[in-house]
Amino acid sequence: MVDRSSPPAPLTPRDVAGVPSRRALLTAASLAPLALLTACRVRLEDDAPRVPLIPTREPTEDEALLLAAWRASTDLGRMTTGLAGDGVTASRLHAVQARTFDQVLRDRRVPDAQRTSPAASSTASSTAASSAGSTVSAAATGSSASAASSAGSTVSAASSASASASAVSTPNGSTPNGSTPTAPPDRTAVARAEAGAVSPAALAELATAHAGQLPLLASFAACRARLAAVLGAPPSWPAWGETASPADAGLLAAHRRARYHLEVAAARTPAEARAPFATELDRVAGVVVRLKSRGASTGAPPAGYPLPFPVRDAAAARRLVTHALTTLETACGTTWSAGSGSSEAVTTTTRLVVDTVTAGAAWGVPLRAFPGLSS
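Counting starts from 1 at the beginning of each chain's written sequence and moves along it residue by residue. Only residues with pLDDT of at least 70 get local features here, since the model is predicted, and only at 80 or more are side-chain atom pairs given and counted; chain-wide, interface and lining totals rely on the full set of residues. Only hydrogens and water are set aside when side-chain values are computed; all heavy atoms of the structure are taken into account.

Asker: Could you clarify how one ought to interpret the overall build of the chain in this entry?
Answerer: In terms of helices and strands, the chain carries 15 helices and zero strands. Accessibility here uses a 1.4 Å probe with only protein chains present; expressed as a share of the type maximum, an area under 20% marks a residue as buried, one over 50% as exposed, and anything in between as partly exposed. Considering the chain as a whole, with its 375 residues, one finds that 41% of them fall into the buried category. Counting contacts in the chain only where the partners sit at least 6 residues apart, residues at least 24 apart contribute 79% of the total. Residue burial considers only the protein chains on display, and all accessible areas are found by Shrake-Rupley using a 1.4 Å probe. Of the roughly 19,200 Å² of accessible surface on the chain, 58% is carried by carbon and sulfur atoms. Note on conventions: DSSP H or I runs of at least 4 residues are helices, E runs of at least 2 residues are strands, and numbering of each starts at the N terminus. We call two residues in contact when some of their heavy atoms are within 4.5 Å.

Next comes the structure, spelled out in structure tokens:
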């Protein structure tokens, strides 16, 4: 049967304008996969080929500083291998630090290529310094262009010096097994590399870290400063500032508590054995005076503080000193986060943690890989 219905009406210009062109359809089809990738937050790794319109991986928070710390702990671990005495402790502590920073980087999925690429870490450093939103000195800004490693640059230099000084000659120029002999590590070079962690530029760089990562990074620096002293090159600290830092209130409260415990310990000790107690009490009391003189305040201190255990004899008094110094170390460390963005606060807290660790050594308190941290 023939359909005798009328033919469709011809398209008007208005109808034609509403139909998408073939080119528009092809463009939309080509952009659809990109829209899906973007919605899934796809990012390319730093070492992946460049693909137009797909963003590359962005560094995580404080990544450059963490990379520099990992490199420094790894290099220092190698440099201290073979050192006798305190060098054995240094090598063990640096091994713990290297594993810790390695795990932090793995948890953030930082590509392995970032660990061996100076150019990549330099770019990451600039990003980290910018995102920190902190103003640092010109020296620190210059050093940030080298992977935020103002502390680590000293390590590299000392490592090179130690390596160049390690070659020794024998009558036949080799060992019985044919390998090139090496001399023991240069203890002085290692000590100077450790001390570089608390140079003015390194401390200013630390202050650019965010509050979440600052305690770990600053604790690493504190350990290195202490190791520098035990290896024979005590660090030179900058002069104390004249105005209170954001960390001062917490530091003042911690030292007031320690002062009270030391006073109790000294009172429970016979006069003829009181000299070391008095020395430590004078040191802590001096910090209280200094912090108060530059404006730190926590209000009126309490009349006393609870004792962790009964103190009735000299033995208990010594235990109380150990407790006071251990508690003071971690209490000082809790103020690092408050110092983010303040070079003076980071310097003050790090210095006082190192001073407490140094004092604790005389009372049997061991140096930890991350002093000032509770765990």
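The discussion continues.
Asker: Just checking my understanding: could you explain the pattern of salt bridges for this structure?
Answerer: Where side chains of opposite charge bring their charged atoms close, a pairing between them can arise. A carboxyl oxygen of Asp or Glu within 4 Å of a side-chain nitrogen of Lys or Arg is what we treat as a salt bridge. Under the defined criterion, the tally for this structure stands at seven salt bridges. The residue Arg106 makes a salt bridge to Asp102 at a minimum N-O spacing of 2.9 Å. Remark: Asp102 and Arg106 occur in helix 4 (residues 86-107); sequence separation between them is four residues, near one turn of the helix. For Asp102, a relative accessible area of 18% translates into the label buried. Measuring nitrogen to oxygen at the nearest pair gives 2.8 Å for the salt bridge that ties Arg283 to Glu280. Highlighted residues: Arg283 and Glu280, both in helix 13 (residues 275-293), separated by three residues, approximately one helical turn. Taking relative accessible area as the criterion, Arg283 reaches 22% and is therefore assigned partly exposed. Through salt bridges with shared partners, a single network forms among Asp248, Arg294 and Glu344.

Asker: For this particular structure, what's the right way to read unusual backbone geometry?
Answerer: Trans peptide bonds make up most of the peptide bonds, and negative phi angles are found at most residues other than glycine. One non-glycine residue with positive phi stands out, namely Asp62, at about 60°. Residue Asp62 is classed as buried on the basis of its relative accessible area of 1%. Residues other than glycine seldom take positive phi values, yet Arg109 does so here, at roughly 60°. Along the polypeptide, Arg109 turns up in the loop between helix 4 and helix 5 (112-116).

Asker: Is there a simple way to think about the environment of Ser73 in this case?
Answerer: Looking at where Ser73 falls in the secondary structure, it is placed in helix 3 (residues 63-80). For Ser73 and Thr100, which are 27 residues apart along the polypeptide, the C-alpha to C-alpha distance reads 9.7 Å. Setting aside residues no more than four positions away along its own chain, Ser73 makes contact with His94, Gln97, Ala98, Phe101 and Phe220.

Asker: What's the story with the packing of helix 12 (residues 248-267) against helix 14 (residues 314-333) in this structure? I'm lost.
Answerer: How two helices sit against one another is set out by the angle between their axes and by the gap between those axes. Inter-axis angles, ranging from 0 to 180 degrees, are taken between N-to-C directions of lines fitted to C-alpha atoms, where helices are fitted over the stretch in contact. In contact at an axis separation of 9 Å, helix 12 and helix 14 are set at 175° when each is read in the N-to-C sense. If you check the angle between helix 12 and helix 14, you find them roughly antiparallel. In this structure, helix 12 contributes Leu251, Ala254, His255, Ala258, His261, Leu262, Val264 and Ala265 to the contact, and helix 14 contributes Ala317, Leu320, Val321, His323, Ala324, Leu328, Ala331 and Cys332. Residues are sorted three ways: Asp, Glu, Lys and Arg are charged, Ala, Val, Leu, Ile, Met, Phe, Trp, Tyr, Cys and Pro are nonpolar, and all the rest, Gly among them, are polar. Residues of the contact of helix 12 with helix 14, tallied by class, amount to 13 nonpolar, three polar and no charged. Reported orientations rely on four angle classes, namely roughly parallel under 35 degrees, roughly antiparallel over 145, roughly perpendicular from 65 to 115, and oblique for the rest.

Asker: It is not clear to me how the environment of Ala191 should be interpreted in this structure. Could you clarify?
Answerer: Position of Ala191 relative to the elements: it lies in helix 9 (residues 187-195). Considering only alpha carbons, one finds Ala191 and Thr80, 111 residues apart in sequence, at a separation of 9.5 Å. In this structure, Ala191 is in contact with Ala228, Leu231, Gly232 and Ala233, ignoring residues within four places of it in sequence.

Asker: Please explain helix 11 (residues 214-230) as it appears in this structure.
Answerer: Because each turn of an α-helix spans 3.6 residues, side chains separated by three or four positions end up pointing in the same direction. Expected helix span is taken as 1.5 Å per residue step, with the number of steps being one fewer than the number of residues. The terminal C-alpha atoms of helix 11 lie 25 Å apart, and with 17 residues this matches the ideal 24 Å at 1.5 Å per residue to within 8%. Counting buried positions along helix 11 gives 15 out of 17 residues, so the element sits mostly inside the fold. A positive phi of about 110° marks Gly232, the residue just after helix 11.

Asker: Sorry if this is basic, but what is going on with the packing of aromatic side chains here?
Answerer: Two aromatic rings are characterised by how far apart their centres lie and by the angle between their planes. Classification of ring pairs uses Phe, Tyr and Trp, with its six-membered ring standing for Trp, and accepts pairs whose centres are within 6.5 Å; under 30 degrees between planes counts as stacked, over 60 as edge-to-face, and the remaining range as tilted. One pass over the structure, following the stated rule, counts four aromatic pairs. Geometrically, the ring pair formed by Phe277 and Trp363 is edge-to-face, given 5.0 Å between the ring centres and 65° between the ring planes. Pair noted here: Phe277 is in helix 13 and Trp363 is in the segment after helix 15 (343-361), with a separation of 86 residues, a long-range link. The class of Phe277 is buried, set by a relative accessible area of 3%. Among the aromatic residues, ring-to-ring pairing joins Phe101, Phe220 and Phe370 into one connected group. When the NZ atom of lysine or the CZ atom of arginine is within 6 Å of a ring's centre and also within 35 degrees of its normal, the charge is said to sit over that ring. Residue placement shows Arg319 over the ring face of Phe309; its charged tip is 4.0 Å from the ring centre.

Asker: Where do I start with helix 14 in this structure?
Answerer: In this model, helix 14 (20 residues) spans 29 Å end to end at C-alpha, consistent with the 28 Å of a helix rising 1.5 Å per residue. Taken together, the buried positions of helix 14 are occupied by Ala316, Ala317, Leu320, Val321, Ala324, Leu325, Leu328, Glu329, Cys332 and Gly333. Against helix 12, helix 13 and helix 15 lie the buried residues of helix 14.

Asker: Just to check I follow, could you spell out the nonpolar core for this structure?
Answerer: Ranked by size, the top nonpolar core spans 66 residues in total, and within it Phe101, Leu206, Leu217, Phe277, Val311, Val321 and Phe370 carry the most contacts. Examining the composition of this core, we find that 10 residues originate from one element, helix 11, more than from any other. Dropping the residues within four chain positions of it, Phe277 is found in contact with Ala265, Ala266, Thr269, Ala317, Arg318, Val321 and Trp363. Side-chain atoms within 4.5 Å link the members of a nonpolar core, which is a set of buried Ala, Val, Leu, Ile, Met, Phe, Trp, Tyr and Cys residues. Ranked by size, the runner-up nonpolar core spans eight residues in total, among them Leu76, Met79, Leu231 and Ala233.

Asker: Where do I start with the confidence of the model for the chain in this structure?
Answerer: Note that predicted coordinates carrying low pLDDT should not be read in detail. Looking at any residue, its pLDDT shows the predictor's confidence there, from 0 to 100. Chain-level pLDDT for the chain is 80 on average; 67% of the residues reach the 70-or-more range. Confidence drops under pLDDT 50 across residues 119-152; counting only partners more than four residues distant or on other chains, this segment forms 54 contacts. Every residue in residues 161-179 scores below 50 in pLDDT, and together they form 15 contacts with partners more than four places removed in sequence or on other chains.

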